[in-house]
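Coordinate inspection notes
The residues making up each chain are set out below.
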Amino acid sequence: MSKKFYITTAIDYANGSPHLGHAYEKVLTDIVARFRRMMGEEVKFLTGLDEHGQKVQMSAQKLGVSPLEVCDRLASEFQGLCRALRISNDDYIRTTEERHKAVVQDILQKLYDKGEIYKADYNGYYSVRQEQFVTEKEKVDGTWPEIFGEVTEVTESNYFFKLARYQDWLIDTIRANDQMIYPRFRSADVLQFLKEPLNDLCISRPKERLEWGIELPFDPDFVTYVWFDALTNYITAAGYGTDAFEQHWPADYHVIGKDILVPPHAVYWPIMLKALELPLPKHFLVHGWWLSSGSKMSKSSGEVINPLDLIDQFGADAFRYFVTREMNVGQDSEFSLDLFMSRYNSDLANDLGNLVSRLLNMGGRYTEGRVPPAEIEEAPEKQLKELWLKTSAELVPLFEDFQFHKALDRIFTFVSGINRYAETRAPWKLAKSETPADQAALRTSLATMAEALRLAVALLTPVMPEISDKIRGLVGAENFELIEGQLEWGNRLEGKALGEKTILFPRPERKVL
RNA sequence: GCCAGGGUAGCUCAGUGGUAGAGCAGAGGACUCAUAAGCCUUUGGUCGGCAGUUCAAAUCUGCCCCUUGGCACCA
């Protein structure tokens, strides 16, 4: 069996409803996955939910339900988001699943047997009210804030994973693989972190303090905490311990936010894999955050944009287009309703949607609802074909390099080119003329517009799958699996039926939200 | 404090040595197939600040300012 292209998102934490950040990461990963499929690769695309831990246990207590009920509810919310966004993941992992518990316990036992895990006393400051250890860092003006209540120094036995012994190896590995982290400048964050000596990692919690977790196989009084539970999902879903594993692992891309690169994904995870003698993931694709007036959009700032609202109102594809067009992968981006509306109205409704409308309408009026033959090739046609040649040559490299915002810019520049072409030929004027030359120009102009639209949406497909399919249907083109052979200008649409007049991106009747 | 990203037109951003760009927003115009859309023309910027290198700097160097993130057991 050949190796699949294995791509993952981070798994979401079951501690709140999905927001724009969750939605964005899934869309970004989905675009890479869809693009790779079009390029002919077999893809495994994983996303999922991280369900254990203190916060889940506490919110369950608060609601008076079991932790699993809390997780079930959130899992269906997050999976609903995936469906609403047309995310093409072919697996969804929940860390409470048996397949996952088995792998976590298996690797913990292996590492314990190898002497990579040991028991020791952990000394720290404990907040009874928050049921968690607090650090010096959380002090404000030399004392812990009121929300922590009474904080006492306690000593607790726990299990530790030997991180420190792999520090030099990790530094060498990251220096030697400058392609591992995209964008590259993020490697500097990792290396800076590794300048300080690593401490071993506390990986357990006593059950008396936290019972909502996976039990340590070698000590039933403890559950494992956070990292060995959450990060391990990537190999669980890859089929660790089964024949399928080699077909998936190593992952080609872990898509993550910039906040979880250091230390978990770039330090803990590689060292865990090294200790298990497994290959490292090939790449991390590290994206930025959505900002609102310069601050991170998050629940805590009370500026949650519920992506589902925009999706319901404007459609998954419009949402996907917006986040992809605005975000320079790796940087932060600005989000506002005004920006969204501006993109929706000018790019989608006015430029693309309206172009489809005018073609279908003219096709119905002038060429009996069919794509006519392209009979002549003069300056306007040559110019548009040249623009396409230039555009199409850029698109695949831009997609390969995650420059989706630029790829969309190029595609929509081409769409503008089609509108300009229509003005130049002015088929509505040609239609009033009886001369053979004008009639040939009329047929050519509609054929050219249809073919240009087919090409324009070819590489729009990973970003806007439904609209692209719909436009292909309307101009008489076939859907396709592979991009190969789809980017060349031709006359395959000649004689095909054009669709009924359709409004692809209706103008909002009133301002909602 | 240390490290890194960003600071370019009202807004969102392209632009790594050679006469400041795009889209949107604003203004004017011609057209009418179309979602009052599209097309053409146009207003608008001491390129964060101060020095320096150079014939030439948004672009290279230094210092400073603003902003975002990281600096471990919090995911």
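Scroll up to find the structure.
This text gives an overview of the structure that appears in the document. Keep in mind that this is a model prediction, so the values were computed, not measured.

The rules behind these values
The written sequence of each chain sets the order in which its residues are numbered from 1. Each chain gets a letter, beginning with A, and each ligand a number, beginning with 1, in the order they are written. Side-chain atom pairs in this predicted model are given and counted only at pLDDT of 80 or more, local residue features only at pLDDT of at least 70, and totals for whole chains, interfaces and linings cover all residues. Calculation of side-chain values draws on the structure's entire complement of heavy atoms; hydrogens and water are dropped beforehand. Strands are runs of DSSP state E lasting at least two residues, helices are runs of H or I lasting at least four, and both sets are numbered from the N terminus onward. Each residue's exposure class comes from its accessible area (1.4 Å probe, protein chains only) as a fraction of the maximum for that residue type: buried when under 20%, exposed when over 50%, partly exposed otherwise. Only heavy atoms matter for contacts: two residues are in contact if any of them lie within 4.5 Å across the pair. All accessible-area figures derive from a Shrake-Rupley calculation using a 1.4 Å probe, and residue coverage is judged against the displayed protein chains alone. Charge counting follows a simple rule: Lys and Arg are positive, Asp and Glu are negative, and His as well as the terminal groups are ignored. In this description, the location of a charge corresponds to atom NZ of lysine, CZ of arginine, CG of aspartate or CD of glutamate. Angles run from 0 to 180 degrees between N-to-C directions of axes, and those axes are lines fitted to C-alpha atoms, restricted for helices to the stretch in contact. These descriptions rest on fixed angle ranges, namely under 35 degrees for roughly parallel, over 145 for roughly antiparallel, 65 to 115 for roughly perpendicular, and the rest for oblique. It is the rotation of the near helix from the far one that decides the hand of a crossing: anticlockwise by less than a right angle makes it left-handed, clockwise makes it right-handed. When DSSP finds at least two bridges between two strands, those strands are taken to pair. Throughout, the term near means that a residue has one or more heavy atoms lying within 4 Å of the molecule or strand in question. We call two N or O atoms a polar contact when they sit within 3.5 Å, provided that within protein one can donate a hydrogen and the other can accept it, with sequence-adjacent residues counted only if both atoms are side-chain atoms. Residues are sorted three ways: Asp, Glu, Lys and Arg are charged, Ala, Val, Leu, Ile, Met, Phe, Trp, Tyr, Cys and Pro are nonpolar, and all the rest, Gly among them, are polar. Every helix has an expected span of 1.5 Å times one less than the residues it contains. Note: the arc covers the axis-to-C-beta directions of the helix. Two aromatic rings, drawn from Phe, Tyr or Trp (for Trp, its six-membered ring), form a pair once their centres lie within 6.5 Å of each other, and the interplanar angle then sorts them: stacked below 30 degrees, edge-to-face above 60, tilted otherwise. Two cysteine sulfur atoms form a disulfide, by the criterion used here, when they sit within 2.5 Å. Residues are said to line a cavity or pocket when one of their atoms sits within 4 Å of a point; the points come from a 1 Å grid over protein atoms alone, cavities being sets where a 1.4 Å probe fits but cannot get out and pockets being open sets with protein on both sides within 12 Å along at least five of seven lines. Grid points are joined across faces, edges and corners, and a volume is the space filled by probe spheres set on the points.

This part is about the overall build of chain A. For chain A, the count of helices and strands is 18 helices and 17 strands. Dimensions of chain A, computed from the C-alpha atoms along their principal axes, are close to 95 × 50 × 40 Å. A total of 513 residues make up chain A; the buried ones form 54% of that total. Taking contacts inside chain A between residues at least 6 apart in sequence as the whole, the part at least 24 apart equals 77%. Summed over all atoms, the accessible surface of chain A reaches about 22700 Å², with 48% contributed by carbon and sulfur. Charge separation in chain A, taken as the distance between the mean sites of 60 positive and 76 negative side-chain charges, equals 5 Å.

This part is about the packing of helix α17 (residues 436–458) against helix α18 (residues 465–475). Remark: α17 packs on α18, axes separated minimally by 9 Å, with the N-to-C direction vectors making an angle of 160°. Classified by the angle between their axes, α17 and α18 sit roughly antiparallel to one another. Between α17 and α18 lies a crossing whose hand is left-handed. Across the interface between the two elements, Ala450, Leu453, Arg454, Val457 and Ala458 of α17 pack against Ser468, Ile471, Arg472 and Val475 of α18.

Burial of strand β1 (residues 5–9) is extensive: five of the five residues sit out of reach of the surface. Where burial is concerned, the two faces of β1 agree: the one with Phe5, Ile7 and Thr9 and the one with Tyr6 and Thr8 are both buried. Looking at chain direction, β1 and strand β3 (residues 43–50) are connected through four bridges and run parallel. Across the sheet, Tyr6 pairs through a bridge with Lys44, a residue of β3.

Moving on: the protein's contact with RNA strand B. Within the structure, RNA strand B sits among 56 residues, and Pro197, Tyr225, Trp227, Asn354 and Lys501 are positioned closest to it. At the protein interface, 68% of the atoms of RNA strand B within 4 Å belong to sugar or phosphate. The contact in question runs from a sugar or linking oxygen of RNA strand B to an N or O atom on the side chain of Glu326, over 3.0 Å. One of the side-chain N or O atoms of Arg365 is found 3.1 Å from a sugar or linking oxygen in RNA strand B. Where the surface near RNA strand B is concerned, the elements lending two or more residues are α6 (186–193), β9 (201–202), α10 (261–275), α13 (337–366) and α15 (404–425). The greatest single-element share of the surface near RNA strand B, amounting to 14 residues, is contributed by α13. Class assignment of the residues belonging to the surface near RNA strand B gives a composition of 23 nonpolar, 14 polar and 19 charged.

Next up on the list: helix α4 (residues 98–113). Under the 1.5 Å per step criterion, the end-to-end length of α4 is 22 Å for 16 residues, consistent within 8% with the ideal 22 Å. Those residues of α4 not exposed but buried are His100, Val103, Val104, Ile107, Leu108 and Leu111. Down the axis of α4, the sector holding all buried residues measures 130°, keeping them to one side. Residues Glu98 and Asp113 are exposed on α4 and point more than 90 degrees away from its buried face. One or two residues past the end of α4 sits Gly115, with phi positive at roughly 80°.

This next bit is on the packing of aromatic side chains. Tallying each qualifying case throughout the model produces 30 aromatic pairs. Ring centres of Tyr118 and Phe160 lie 5.9 Å apart, and the angle between their planes is 20°; this geometry places the pair in the stacked category. Placement of Tyr118 in strand β5 (residues 117–127) and of Phe160 in strand β7 (residues 151–161) is noted, with a sequence separation of 42 residues between them. Aromatic side chains Phe402 and Phe404 sit 6.2 Å apart centroid to centroid with 70° between the ring planes, which places their arrangement in the edge-to-face category. You'll find Phe402 and Phe404 in the same group, each marked buried. Ring-pair connections join several aromatic residues into one group, and the members of that group are Tyr24, Trp290, Phe314, Phe322, Phe335, Phe340, Tyr344 and Phe505.

Going through the model one piece at a time under the given rule, you end up with zero disulfides. Cys82 provides the cysteine sulfur closest to Cys71, a residue in no disulfide bond, and the two sulfurs are 16 Å apart. Taking the relative accessible area as the measure of exposure, Cys82 reaches 5% and is therefore buried.

This part is about the layout of surface pockets. Looking at the second largest pocket, its volume works out to about 290 Å³. As for the second largest pocket, its lining consists of Arg34, Arg37, Met38, Thr461, Pro462, Pro465, Asp469, Arg472, Asn479, Phe480, Glu481 and Leu482. Looking at the lining of the second largest pocket residue by residue, the class counts come to five nonpolar, two polar and five charged.

Another point: the sheet that holds strand β10 (residues 204–206). Within a sheet, neighbouring strands are paired by backbone hydrogen bonds and run either parallel or antiparallel to one another. Pairing in this open sheet of three strands is antiparallel, and the strands run β10-β12-β11 from one edge to the other. The open sheet has two edge strands, β10 and β11 (215–216), and neither has a second partner. Pairing of β10 with strand β12 (residues 219–224) involves three bridges; the strand directions are antiparallel. Looking at β12, one finds that Ser204 is bridged to Thr224.

As for its placement among the helices and strands, Tyr366 is situated in helix α13. With relative accessibility at 25%, the residue Tyr366 sits in the partly exposed group. Sequence separation between Tyr366 and Arg443 is 77 residues, and the spatial gap between their C-alpha atoms is 8.5 Å. Sequence-distant contacts of Tyr366, that is, excluding residues within four places in its chain, are made with Pro427, Trp428, Ala431, Leu442 and Leu446.

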